[in-house]
Amino acid sequence: SDVRIRELHRNDELEDLALSFNQMLDRMQRYIDQQKEFVSDVSHELRTPVAVIEGHLNMLERWGKDDPEILAESISASLQEADRMKHLIQEMLDLTRAEQINVNYPYEVTNVTEVLRREVSDMQLVHQDFKLQLDMEDLPEDAQIQINHGHLEQLLVILIDNGIKYSTNRKQINISAGVSGKMVMIMVQDFGEGISEEDQKKIFNRFYRVDKARTREKGGNGLGLSIAQKLVKSYNGKISVESAEGQGSQFKLEFPLLSTKEIAELAELKAQ
Ligand code: ADP
């Protein structure tokens with residue numbers, strides 16, 4: 001019966017092995033499907049700027065030689081479209097990189113106060129027609145989170161830029177930060193057009209825009225928030241939105257607050 005028991009065990013092990021093998025195949029299939037979908041999304045998004053440039057080149061070919069106005073207009077429109085494509089390609093690269101972030105920056109620690117202060121004042125210089133208000137009353141000066149500081153900056157830029165892009169009347173963005181329990185919260189609030197509940201669920205999907213034509217006018221391509229979400233997730237954080245149409249939106253970032261002990265441990269790991 002010893003042999004029999006051993007055989008039974010072996011069967012169990014084989015079954016476990018088959019099961020985990022199946023799960024692995026499933027995961028690979030899902031990954032392949034996602035990649036296919038991405039390529040198809042990207043092709044779709046690139047089609048518009050290419051079509052616009054093609055249209056202008058056709059105009060140039062037909063009338064450009066005789067009509068200096070068409071010549072100037074088509075060249076400037078094509079350049080603008082090429083610039084838009086350049087941005088789109090850069091953001092698509094950012095998006096694919098954001099998926100492997102924590103592989104590249106596993107032990108970086110960033111002081112939230114410092115980055116907020118610097119980034120908000122930098123952005124204030126660029127957007128002088130807006131008032132960027134920073135409130136860090138509830139944030140300890142030395143609050144640290146585990147993130148590459150460039151990525152925290154990128155997150156702030158995405159959220160503040162959106163607030164500015166989709167603001168209607170009141171040209172003000174409130175940025176606030178604080179600690180609640182063991183989490184650091186960073187809020188970016190605007191008083192713009194707001195986002196319907198239906199759309200709030202979709203805006204983090206890549207290439208999703210509430211109003212395609214209007215967003216395009218503002219230079220948006222629907223990638224900012226999906227990059228933001230990928231970044232945040234790779235650092236064990238969370239991003240969420242609260243919004244009321246016609247009143248404005250508030251985006252919230254949450255990251256685990258590092259304890260002194262964790263900071264020391266990370267420093268040690270980084271040094272190794
Ligand atoms: P985009 O480059 O188009 O701004 P995002 O991924 O950053 O791409 O945002 C996706 C969509 O979500 C935007 O096209 C816009 O419709 C909506 N959105 C994002 N932020 C805001 C905001 N602060 N107020 C209103 N709508 C917003």
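Every value quoted in this text rests on a predicted model; they were computed, and no experiment measured them. (Residues numbered from 1 in each chain as written. Predicted model: local features only at pLDDT ≥ 70, side-chain atom pairs only at ≥ 80, totals over all residues. Heavy atoms only, no water.)

This paragraph deals with the side chain of S78. Its place among the elements puts S78 in helix α2 (residues 68-98). Beyond its immediate stretch of four places on either side in the chain, S78 contacts I53 and H56. (Helix = DSSP H or I, 4+ residues; strand = E, 2+ residues; numbered from the N terminus. Contact = heavy atoms within 4.5 Å.)

Around the ligand there are 20 residues in total, and N162, K165, Y166, D190 and L225 lie nearest to it. K165 is positioned such that a nitrogen or oxygen atom in its side chain is 2.9 Å from an oxygen atom of the ligand. Between an oxygen atom of the ligand and a main-chain N or O atom of L225, the distance comes to 2.8 Å. Counting residues per element, the ones that place at least two in the shell around the ligand are α5 (149-165), α8 (224-234) and β7 (248-256). Ranked by residue count, the leading element in the shell around the ligand is α5, at three residues. In terms of residue class, the shell around the ligand is built from eight nonpolar, nine polar and three charged. (Near = heavy atom within 4 Å. Polar contact = N/O pair within 3.5 Å; in protein donor to acceptor, adjacent residues only side chain to side chain. Nonpolar A, V, L, I, M, F, W, Y, C, P; charged D, E, K, R; others polar.)

Moving on, we come to the packing of α5 against α8. Across the interface, α5 lies against α8 with an axial gap of 10 Å and an inter-helix angle of 150°. You can see that α5 and α8 cross each other, and the crossing is left-handed. For the pair α5 and α8, contact is made by H151, Q154, L155, I158, L159 and N162 and by G224, L225, I227, A228, L231 and V232, respectively. Taken together, the residues of the contact of α5 with α8 break down into eight nonpolar, four polar and no charged. (Axes fitted to C-alpha atoms, helices over the stretch in contact; angles between N-to-C directions. Left-handed = near helix turned anticlockwise from the far one by under 90°.)

This paragraph deals with a negative patch on the surface. Taken together, the side chains of D12, E13, E15 and D16 make up a negatively charged region of the molecular surface. Note that D12 resides in helix α1 (residues 2-64). (Patch = residues over 30% accessible without salt bridge, like charges linked within 9 Å, V, L, I, M, F, W, Y side chains within 5 Å. Areas by Shrake-Rupley, 256 points an atom, 1.4 Å probe, with all protein chains shown as cover. Salt bridge = Lys/Arg side-chain N within 4 Å of Asp/Glu carboxyl O. Lys, Arg positive; Asp, Glu negative; His and termini not counted. Charge placed at Lys NZ, Arg CZ, Asp CG, Glu CD.)

By size, the foremost hydrophobic cluster in this structure holds 47 residues, and its most contacted members are L116, L132, I160, I186 and F255. Among the elements that make up this core, the one with the highest residue count is α5 (seven residues). With sequence-adjacent residues up to four places away left out, I160 is seen in contact with V120, M123, L132, I175 and V188. (Core = buried A, V, L, I, M, F, W, Y, C linked by side-chain atoms within 4.5 Å. Buried < 20%, exposed > 50% of the residue type's maximum accessible area, 1.4 Å probe, protein only.)

Turning to unusual backbone geometry, a few remarks are in order. Although it is not a glycine, F207 sits at a positive phi angle of roughly 70°. Position of F207 among the secondary structure elements: in the loop between α6 (197-200) and α7 (212-217). We note that N236 has phi near 60°; this positive angle belongs to a residue other than glycine. Examined against the element boundaries, N236 turns out to sit in the loop between α8 and β6 (238-244). Given the relative accessible area of 61%, N236 is considered exposed.

Turning to the pattern of salt bridges, a few remarks are in order. Should the charged atoms of two oppositely charged side chains come close, the side chains can pair. The full count for this structure, using the stated rule, is eleven salt bridges. The closest approach of N and O atoms between E141 and R117, which form a salt bridge, is 3.2 Å. On the criterion of sequence distance, the pair formed by E141 in the loop between β2 (131-138) and β3 (144-146) and R117 in helix α4 (residues 112-126) is long-range, its members being 24 residues apart. Here E141 falls in the exposed class, since its relative accessible area comes to 54%.

Let us look at a nonpolar patch on the surface. Taken together, the side chains of F21, M24, L25 and M28 define a hydrophobic patch exposed on the protein surface, amounting to about 400 Å² of accessible area. By the element assignment, M28 lies in helix α1.

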